[in-house]
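So you can see what is in the structure, the chains are spelled out below.
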Amino acid sequence: MNGHGDRAAESARRSAPQACNRGPAALAGPCGVSWPGASMLRRIALRRRAAPTFRPFSAGSGRQTGLAASPIALVRAYTASSVHWSQPPSPGKDAIASPRGRSREKGMTIDRRPARDEADRRAPLVTSSAVSLQDRIYAHLKAGIAEGRIRPGTRLLESQLARTFGVSRSPARGALNALAAERLVSEDGARGYRVGGIAAAGEADDAAPPLDPAPMPHQRRWETLYGAVEQELYGQILFHSVRVNDLRLAQHYGVSRTVTRDLLARMDGVGLVTKDAAGRWVARRVTPQRIRNLYALRRLLEPVLLAEAAPRVPTALLRQARTHIEATLARPAIDGEDFDRAETDLHRDLLGYSGNDELIHALRPTHFLFGPTRHLIDPILGIPMHKIEHALHEHLAILDHLLDGDARGAALLLERHLAEAIGRWLGRFEVAATLGSVACPDYLTPSD
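Residues numbered from 1 in each chain as written. Predicted model: local features only at pLDDT ≥ 70, side-chain atom pairs only at ≥ 80, totals over all residues. Heavy atoms only, no water.

### Considerations on the overall build of the protein chain
Right, on to step 1. Helix and strand counts for the protein chain stand at 17 helices and eleven strands.
Right, on to step 2. Across the 448 residues of the protein chain, 48% fall into the buried class.
Right, on to step 3. Considering only intrachain contacts with a sequence separation of at least 6, the fraction spanning at least 24 residues in the protein chain is 75%.
Right, on to step 4. On the protein chain, roughly 21,300 Å² of surface is accessible, and the fraction owed to carbon and sulfur atoms is 52%. (Helix = DSSP H or I, 4+ residues; strand = E, 2+ residues; numbered from the N terminus. Buried < 20%, exposed > 50% of the residue type's maximum accessible area, 1.4 Å probe, protein only. Contact = heavy atoms within 4.5 Å. Areas by Shrake-Rupley, 256 points an atom, 1.4 Å probe, with all protein chains shown as cover.)

### Focus on the nonpolar core
Right, on to step 1. Among the nonpolar cores identified, the biggest contains 73 residues, and V229, L233, L238, I291, F368 and L402 are the most heavily contacted of them.
Right, on to step 2. Per-element tally for this core: the top contributor is helix α17 (residues 407–435), with twelve residues.
Right, on to step 3. In this view, F368 contacts Y234, I237, V270, G271, L272, V286, R290, I291, L294 and W425; residues no more than four positions away in its chain are not counted.
Right, on to step 4. Formed by 19 residues, the second largest nonpolar core is a distinct cluster that contains L133, A175, L176 and A180. (Core = buried A, V, L, I, M, F, W, Y, C linked by side-chain atoms within 4.5 Å.)

### A few points about helix α7 (residues 158–165)
Right, on to step 1. Among the eight residues that make up α7, six are buried, leaving the element largely enclosed by the rest of the structure.
Right, on to step 2. Residues E158, Q160, L161, A162, T164 and F165 constitute the buried set of α7.
Right, on to step 3. In the stretch just after α7, G166 is the one whose phi turns positive, near 65 degrees.

### Considering unusual backbone geometry
Right, on to step 1. You will see that R183, though not glycine, has its phi angle at about 65 degrees, which is positive.
Right, on to step 2. Topologically, R183 is positioned in the loop between α8 (169–181) and β5 (185–187).

### A look at the sheet that holds strand β6 (residues 193–195)
Right, on to step 1. With antiparallel pairing, three strands are arranged side by side in an open sheet as β4-β6-β5. A strand with exactly one partner marks an edge of an open sheet, and here the two such strands are β4 (155–156) and β5.
Right, on to step 2. Looking at chain direction, β5 and β6 are connected through three bridges and run antiparallel. Paired with S186 across the bridge in β6 is R194. (Pairing = 2+ DSSP bridges.)

### Observations regarding the pattern of salt bridges
Right, on to step 1. A full pass over the atoms with the stated rule returns 17 salt bridges.
Right, on to step 2. Residues R149 and E147 are paired through a salt bridge, measuring 3.1 Å at the closest nitrogen-oxygen approach.
Right, on to step 3. The network of salt bridges with common partners includes E147, R149, R341 and D345. (Salt bridge = Lys/Arg side-chain N within 4 Å of Asp/Glu carboxyl O.)

### Quick notes on the sheet that holds strand β11 (residues 444–446)
Right, on to step 1. Taken in spatial order, the four strands line up as β8-β9-β7-β11 in an open sheet, and their pairing is antiparallel. On the outer flanks of this sheet lie β8 (274–275) and β11, each paired with one strand and no other.
Right, on to step 2. As defined by bridge partners, strand β7 (residues 242–244) adjoins strand β9 (residues 281–283) across three bridges and the pair is classed as antiparallel. Pairing of V242 across the sheet is with A283, part of β9.
Right, on to step 3. Strands in contact with helix α9 (residues 221–237) are β7, β9 and β11; relative to β7, the strand with the most contacts, it is inclined by about 155 degrees. (Axes fitted to C-alpha atoms, helices over the stretch in contact; angles between N-to-C directions.)

### Concerning the packing of aromatic side chains
Right, on to step 1. In the structure shown here, the tally under the stated rule is four aromatic pairs.
Right, on to step 2. Aromatic side chains Y253 and Y443 sit 6.0 Å apart centroid to centroid with 50 degrees between the ring planes, which places their arrangement in the tilted category. On the criterion of sequence distance, the pair formed by Y253 in helix α10 (residues 246–253) and Y443 in the loop between β10 (437–438) and β11 is long-range, its members being 190 residues apart. The residues Y253 and Y443 share a single accessibility class, namely buried.
Right, on to step 3. Ring centres of W425 and F429 lie 6.0 Å apart, and the angle between their planes is 40 degrees; on these two criteria the pair is classed as tilted. With a gap of four residues between them, W425 and F429 both fall in helix α17, about one helical turn apart. There is no split in this pair, since W425 and F429 are both buried.
Right, on to step 4. Between the NZ or CZ atom of R290 and the centre of the ring of F368, over which it lies, the distance is 4.2 Å.
Right, on to step 5. The lysine or arginine in question, R428, covers the ring of W425, its NZ or CZ lying 4.9 Å from the ring centre. (Phe/Tyr/Trp six-rings, centres within 6.5 Å; stacked < 30°, edge-to-face > 60°. Lys NZ or Arg CZ within 6 Å of the ring centre and 35° of its normal.)

### Some words on the environment of T224
Right, on to step 1. Counting through the fold element by element, T224 comes out in helix α9.
Right, on to step 2. Sequence spacing of T224 and L263 is 39 residues, and the spatial spacing of their C-alpha atoms is 9.7 Å.

### Some thoughts on the environment of G271
Right, on to step 1. Relative to the helices and strands, G271 is located in the loop between α11 (257–269) and β8.
Right, on to step 2. By relative accessible area, G271 is classed as partly exposed at 31%.
Right, on to step 3. Sequence separation between G271 and H367 is 96 residues, and the spatial gap between their C-alpha atoms is 7.9 Å.
Right, on to step 4. Aside from chain neighbours lying at most four places away, what touches G271 is R290 and F368.

### Things to note about the side chain of H240
Right, on to step 1. By secondary structure assignment, the location of H240 is in the loop between α9 and β7.
Right, on to step 2. Within the structure, H240 has its side chain in polar contact with the side chain of Q236 (distance 2.9 Å).
Right, on to step 3. Excluding anything up to four places from it in sequence, H240 contacts R285, P446 and D448. (Polar contact = N/O pair within 3.5 Å; in protein donor to acceptor, adjacent residues only side chain to side chain.)

### Things to note about empty space enclosed by the protein
Right, on to step 1. This model, assessed by the stated rule, comprises four cavities of 30 Å³ or more.
Right, on to step 2. Each pocket or cavity is described by its volume, and for the largest cavity that value is around 160 Å³.
Right, on to step 3. What lines the largest cavity is a set of 18 residues, among which Y295, E343, T373, A421 and R424 lie closest to the centre.
Right, on to step 4. Per-element tally for the lining of the largest cavity: the top contributor is α17, with six residues.
Right, on to step 5. The class makeup of the residues in the lining of the largest cavity is ten nonpolar, three polar and five charged. (1 Å grid on protein atoms, 1.4 Å probe; cavity = no way out; pocket = protein on both sides within 12 Å on 5 of 7 lines; lining within 4 Å. Points joined across faces, edges and corners; volume = space filled by probe spheres on them. Nonpolar A, V, L, I, M, F, W, Y, C, P; charged D, E, K, R; others polar.)

Pasting the structure below:
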């Protein structure tokens, strides 16, 4: 068949009802919903097969209402249903424990993209823009409450949040409903919501205090795809190199090739993909030796940069980073976003105060190592939760030395922390060796 015939056949196949079985991208096109929203719905449905319809918690109560589920409620439902490793796994000789508690036999091929089922088709559709704005506002407010920047007794209004974040009242309302469902705020009659806890004398009043402006810019299209494509690529390159077909990638997610080219250009910047001699995008296989080499570079440069940065880092920034880690450790489960922020605070933001642009530039290839930390519940990329907690306690010790003015002690602890981190990263190769291989999406082709 000629090229035009191939494209026509592909278009017809993707528009057929059976395309829904291919995953979120197929749902996004025929059903008129963006891919991130479709992906979220599929994951929620798979975790709640016995309850194919989803209902949000009513604000301020533990009962479910009969209203259609809001996007933020679905986000929280999915997050709450995730299972993390909390103890060191104890796999058998020819099996490995997965983050979801199942056992996988040695040498088997796994597909981390479960088939779409009837529950997905009955679930309400949401758009990525609504989910993104509500979830980001929710995360911002929750962090502010946990870190004490938004004090107990503070009154929060929809109109106030809309002005603060530069959004409409709808995502502000969804964020408040999500906070109310977690009992972080409670309804205050017709006057909005109150932050939970006991307010200090004279701090709580009827006037909603102003919040620092925090505009929530809409994500660019390539940004909404980055996490999913990154997860697929890291999961493949532990086994083999892969070629990335940007046309198929665009078709897979229902976007233009301009979007996928922007996406791949960003990934090129962190060393995840590169172009081969024929001009094709390739993600090269990562080896244990490459990981050791990158960590050797970090161990040489990062302690030096931290010692140079220590006198220049604002104390408030150090306390903020420490408060975030304490809040993260206090939660029932640590997610990839929180851990990634802790990594960024210490290994990138603080080092930036050194003023040594040459050494900072030399560290850019090592940013490749941070990608998997954003996917802690992935069967291959995830790390046992007790190891994540240990790493965060190491971060706390380094920050404590910096707060005490002990730059040399902080640098020594950082070097030790990086030496420990090598083993945590290399553990992914042990998982990959046990699994054998992972199903490849249609836009990736193994090249060795």
